[in-house]
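Each chain, letter by letter, is given below.
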Amino acid sequence: MEKMWSGRFAQDASTLLEQFNASIMFDQKLYREDIEGSIAHAQMLAHQGILTAEELSSIESGMAQVLNEIESGAFEWKIGDEDLHMAIEKRLTQIIGDAGKKLHTARSRNDQVALDFRRYVLRKNREIVEQIKSLMKVIVDISRDHTSTLIPGMTHLQHAQPINFAFHLLAYAAMFKRDIERFESSAARNNISPIGCAALAGTPHNINREMTAKTLGFDSVSINCLDTVSDRDFALEILFNISTLMMHISRLSEEIILWSSYEFRFVELSDAYSTGSSIMPQKKNPDVPELLRGKTGRVYGNLIGLLTVMKGLPLAYNKDTQEDKEGVFDSVSTAEISLEILREALRTMTVKPQNMARACKLGHLSATDLADYLVEHCDVPFREAHHTTGRAVARAEQLGIDLSEIEYAELHAIDERIKEDVCSYLSIVHSMNARTSQGGTAEVRTLEQILYFDHFLKDVK
Ligand code: ARG
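Residues numbered from 1 in each chain as written. Predicted model: local features only at pLDDT ≥ 70, side-chain atom pairs only at ≥ 80, totals over all residues. Heavy atoms only, no water.

Asker: What exactly am I supposed to notice about the overall build of the protein here?
Answerer: The helix and strand tally for the protein stands at 20 helices and six strands. Computed over the C-alpha atoms, the radius of gyration of the protein is 31 Å, more than 25% above the 23 Å expected from 2.2 N^0.38 for a compact globule of 461 residues. Considering the protein as a whole, with its 461 residues, one finds that 49% of them fall into the buried category. Expressed as a percentage of contacts within the protein between residues at least 6 apart in sequence, the contacts between residues at least 24 apart total 76%. For the protein, the centre of its 50 positive side-chain charges and the centre of its 66 negative side-chain charges are spaced 2 Å apart. (Helix = DSSP H or I, 4+ residues; strand = E, 2+ residues; numbered from the N terminus. Rg over C-alpha atoms; globule rule 2.2 N^0.38 Å. Buried < 20%, exposed > 50% of the residue type's maximum accessible area, 1.4 Å probe, protein only. Contact = heavy atoms within 4.5 Å. Lys, Arg positive; Asp, Glu negative; His and termini not counted. Charge placed at Lys NZ, Arg CZ, Asp CG, Glu CD.)

Asker: Which parts of the structure should I look at to understand the side chain of Asp 83?
Answerer: If you trace the backbone, Asp 83 turns up in the loop between helix 4 (53–72) and helix 5 (84–96). A distance of 2.7 Å separates polar atoms of two side chains, one belonging to Asp 83 and the other to Arg 109. With near-sequence residues (within four places) excluded, Asp 83 lies in contact with Ser 23, Ile 24, Asp 27 and Arg 109. (Polar contact = N/O pair within 3.5 Å; in protein donor to acceptor, adjacent residues only side chain to side chain.)

Asker: How should the site of the ligand be read in this particular structure?
Answerer: Close to the ligand lie Ser 23, Asp 83, His 85, Arg 109, Asn 110, Val 113, Tyr 317, Gln 322 and Lys 325, which account for all nearby residues. One of the side-chain N or O atoms of Asp 83 is found 3.1 Å from a nitrogen atom in the ligand. At a separation of 2.8 Å, a nitrogen atom of the ligand approaches a polar side-chain atom of Gln 322. Contact with the protein chains removes 86% of the 340 Å² of surface that the ligand exposes when unbound. Broken down by element, the shell around the ligand gets its largest block of residues, three residues, from helix 7 (residues 109–144). Classifying every residue of the shell around the ligand by side-chain character gives two nonpolar, four polar and three charged. (Near = heavy atom within 4 Å. Areas by Shrake-Rupley, 256 points an atom, 1.4 Å probe, with all protein chains shown as cover. Nonpolar A, V, L, I, M, F, W, Y, C, P; charged D, E, K, R; others polar.)

Asker: How should the environment of Ala 188 be read in this particular structure?
Answerer: Counting through the fold element by element, Ala 188 comes out in helix 8 (residues 165–189). A residue is classified by how much of its surface remains accessible, and Ala 188, at 53% relative accessible area, is exposed. Between the C-alpha atoms of Ala 188 and Asn 125, which are 63 residues apart in sequence, the distance is 9.8 Å.

Asker: I would appreciate a short explanation of the nonpolar core in the present structure.
Answerer: The tendency in soluble globular proteins is for nonpolar side chains to be buried side by side. Among the nonpolar cores identified, the biggest contains 84 residues, and Phe 176 and Leu 346 are the most heavily contacted of them. Not counting residues up to four positions away in its chain, the partners in contact with Phe 176 are Ile 132, Leu 135, Met 136, Ile 139, Leu 245, His 248, Ile 249 and Leu 252. Core analysis: the second largest hydrophobic core is formed by 18 residues, Leu 370, Cys 378, Ala 385 and Ile 406 among them. (Core = buried A, V, L, I, M, F, W, Y, C linked by side-chain atoms within 4.5 Å.)

Asker: Before we go on, may I ask you to explain the packing of helix 12 (residues 287–310) against helix 13 (residues 324–347) in this structure?
Answerer: Two numbers describe a pair of packed helices, the interaxial angle and the distance between the axes. Interhelical geometry of helix 12 versus helix 13 gives an angle of 160 degrees and a closest axis separation of 9 Å. In terms of axis orientation, helix 12 runs roughly antiparallel to helix 13. The crossing of helix 12 and helix 13 is left-handed. Across the interface between the two elements, Val 288, Leu 292, Lys 295, Arg 298, Val 299, Asn 302 and Leu 306 of helix 12 pack against Asp 324, Gly 327, Asp 330, Ser 331, Thr 334, Ser 338, Ile 341, Leu 342 and Ala 345 of helix 13. (Axes fitted to C-alpha atoms, helices over the stretch in contact; angles between N-to-C directions. Parallel < 35°, antiparallel > 145°, perpendicular 65-115°, else oblique. Left-handed = near helix turned anticlockwise from the far one by under 90°.)

Asker: Looking at this model, I keep getting lost on the environment of Asp 379. Mind explaining?
Answerer: When you line up the elements, Asp 379 lands in the loop between helix 15 (367–378) and helix 16 (382–399). For Asp 379, a relative accessible area of 69% corresponds to the exposed category. C-alpha of Asp 379 to C-alpha of His 248: the two residues are 131 residues apart in sequence and 43 Å apart in space.

Asker: In this structure, what is going on with helix 8? I would like to understand it.
Answerer: Helical geometry: 3.6 residues make up each α-helical turn, so side chains three or four residues apart lie on a common side. When the terminal C-alpha atoms of helix 8 are compared, their 37 Å separation across 25 residues agrees well with the 36 Å that a helix rising 1.5 Å per residue should span. By the N-cap criterion, in which a side-chain oxygen at the helix start approaches the backbone nitrogen of a residue two or three places on, helix 8 is capped by Asn 164, the distance to Ala 166 being 3.1 Å. (Expected span 1.5 Å × (residues − 1).)

Asker: What is the right way to read unusual backbone geometry from this model?
Answerer: Trans is the common state for peptide bonds, and a negative phi is the common state for residues other than glycine. Leu 315 connects to Ala 316 through a cis peptide bond whose omega is 0 degrees. You can see Ala 316 is positioned in the loop between helix 12 and helix 13. Its identity is not glycine, yet Ala 198 carries a phi of approximately 55 degrees, on the positive side. Turning to its location among the elements, Ala 198 is positioned in the loop between strand 3 (192–193) and helix 9 (209–215). With a phi close to 55 degrees, Arg 265 is a non-glycine residue in the positive phi region. When you line up the elements, Arg 265 lands in the loop between helix 11 (233–260) and strand 5 (267–268).

Asker: Hey, could you run me through the packing of aromatic side chains in this one?
Answerer: The geometry of two aromatic rings is summed up by the distance between their centres and the angle between their planes. For the structure on display, the rule yields ten aromatic pairs. Each ring, one from Phe 75 and one from Trp 77, has its centre 4.5 Å from the other, and the planes form 50 degrees; the classification is tilted. Relative accessible area serves as the criterion here: at 24%, Trp 77 is assigned to the partly exposed category. Stacked on the ring of Tyr 262, the Lys or Arg Arg 265 has its end atom at 3.8 Å from the ring centre. (Phe/Tyr/Trp six-rings, centres within 6.5 Å; stacked < 30°, edge-to-face > 60°. Lys NZ or Arg CZ within 6 Å of the ring centre and 35° of its normal.)

So this is what it looks like as structure tokens:
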């Protein structure tokens with residue numbers, strides 16, 4: 001097959017070279033961005049008098065046919081065409097003849113691929129934001145039902161202080177909101193048009209970069225062409241944003257896995273989002289959160305992969321950057337399916353408040369409240385209160401009960417400044433509701449957080 005660039009070559013490319021060099025197997029995903037970019041470029045060329053009105057209109061109608069062929073599956077993607085840019089231009093020229101050969105005026109595949117890939121990444125930044133919002137909505141909806149459902153709040157995976165289940169879930173809403181902000185700020189920062197940079201140095205043709213930028217919805221035009229054709233920061237940003245998102249998803253997944261175990265039994269995943277064992281008939285496994293946790297590894301790999309590809313590249317375009325796409329495509333599709341399945345698994349999950357309440361009877365969750373009581377009501381310095389509470393905990397252990405169940409007389413025997421009202425301070429519900437400081441777990445504060453996220457998600461159906 002004759003190559004578009006074969007003018008200076010005496011020999012045909014080897015089949016092995018064709019296979020090794022081609023990106024058409026994966027970059028065909030960018031066909032929409034490529035065709036829209038070509039049409040915008042042609043419109044600008046016509047506006048500048050570089051193409052005639054007839055040439056433009058045949059490029060536009062030819063491209064409409066190419067688009068139609070691609071979307072109907074009739075388009076033949078051939079490895080010998082190397083990449084989608086050349087495959088599409090070649091097919092356009094077959095359809096419309098000589099006008100097709102003028103399309104590449106004042107353009108190079110270097111600015112063309114920078115344009116297509118950047119626009120794809122910008123679009124995915126926005127689509128992923130919508131998906132995260134939809135996941136957050138499910139989280140906030142579950143939270144609404146559980147502002148008074150008590151669970152042990154933990155540090156070091158040890159029972160620490162009682163919190164409500166909504167407060168725990170809303171911590172993830174806060175993480176996902178930050179993720180959204182990261183995707184949005186990347187999209188805003190990178191909304192800059194590369195087209196018109198040509199191979200590396202710009203072009204002598206009288207082009208109008210502002211015009212193509214405007215047609216394609218960019219905020220502005222890039223400042224330095226040499227940078228623009230070799231810049232892949234925008235791709236690294238989405239890989240990092242997805243890595244952080246998946247890290248959050250993985251942490252939530254880890255908790256769902258723990259909560260589903262017999263040791264916790266705080267939640268039960270629905271049958272539709274659980275799997276069985278091929279040998280142990282009784283089993284119901286949390287494969288979904290486990291895979292979400294596992295898939296986090298591959299998106300980290302994609303980030304490190306592209307950082308490594310980029311680190312030694314001299315300016316400007318190098319073929320190494322063709323390696324930018326597959327990792328991004330993989331991370332994007334991993335994020336998309338992960339967000340969707342996590343949302344559904346959560347939406348259909350059963351919460352078990354009784355098991356949570358039972359767990360709150362373990363580990364003396366209100367111990368800090370006894371220390372706080374001694375400080376506030378008995379004028380004991382905190383260090384001393386801490387020590388006295390430690391003795392009360394030891395006594396409760398001796399009696400085989402939780403501190404929240406201890407009798408007043410026992411506490412009075414430890415420190416006679418303790419008064420009878422102490423017991424109400426040690427109840428788990430009281431302990432949770434006592435934490436009224438801003439951002440705390442008290443039900444009133446949790447309700448504020450729900451309102452905050454409701455406002456943030458007001459446009460989500
Ligand atoms: N397929 C190439 C890529 O994805 C397109 C740009 C090729 N440019 C070049 N000068 N060989 O990076």
